[in-house]
Amino acid sequence: MNRIIETVVNTVINSPVLLDFQSGITKAKNEVVNNAKFAINSIVIPVACVILAGVLVALIVSCAGSHKRGEDYSDKIKPIAIVFGVIVLVATAPLWVWDMVGA
């Protein structure tokens, strides 16, 4: 038991992170930023892309239905292009958004 306590005490004493308050704060900030990046890149962006893909499919089906009925569907093409552009923007966000944010 004394050996474990001695090892822990030596680790704490010899650890520069625990002795320097600013480096501890920086390490904590970096850990939070890394966790946020992981959550956004791995969860938020894929979910947003799936939702947008569903919207895109619904718009395309609506446009195809209008075409089949012989109606004018030219006004429904613009939302399809916009949603497609937003999907591209959101899907590529991990490549450029972190540089803009500075993280």
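Residues numbered from 1 in each chain as written. Predicted model: local features only at pLDDT ≥ 70, side-chain atom pairs only at ≥ 80, totals over all residues. Heavy atoms only, no water.

## Points about the packing of helix α3 (residues 21–68) against helix α4 (residues 77–91)
The geometry of a pair of packed helices is captured by two quantities: the angle between their axes and the separation between those axes. Interaxial distance between α3 and α4 falls to 9 Å at its minimum, and their mutual angle equals 165°. For the element pair α3 / α4, the angle class is roughly antiparallel. Along this stretch, α3 crosses α4, giving a crossing that reads as left-handed. Contacts between α3 and α4 pair Ile45, Ala48, Cys49, Leu52, Ala53, Val55, Leu56, Leu59, Ile60 and Cys63 from the former with Ile77, Pro79, Ile80, Val83, Phe84, Val86, Ile87, Val90 and Ala91 from the latter. (Axes fitted to C-alpha atoms, helices over the stretch in contact; angles between N-to-C directions. Helix = DSSP H or I, 4+ residues; strand = E, 2+ residues; numbered from the N terminus. Parallel < 35°, antiparallel > 145°, perpendicular 65-115°, else oblique. Left-handed = near helix turned anticlockwise from the far one by under 90°. Contact = heavy atoms within 4.5 Å.)

## Some thoughts on α4
Relative to the 21 Å expected for 15 residues at 1.5 Å per residue, α4 spans 21 Å between its end C-alpha atoms, a close match to the ideal helical length. Among all positions in α4, only Ile80, Val83, Ile87 and Val90 are buried. Taken end-on, α4 shows its buried residues confined to a sector of 95°, consistent with a single buried face. In this structure, α4 carries Lys78, Ala81 and Ile82 as exposed residues pointing more than 90 degrees from its buried face. Contacts from the buried residues of α4 go to α3 and α5 (93–101). (Expected span 1.5 Å × (residues − 1). Buried < 20%, exposed > 50% of the residue type's maximum accessible area, 1.4 Å probe, protein only. Arc of directions from axis to C-beta.)

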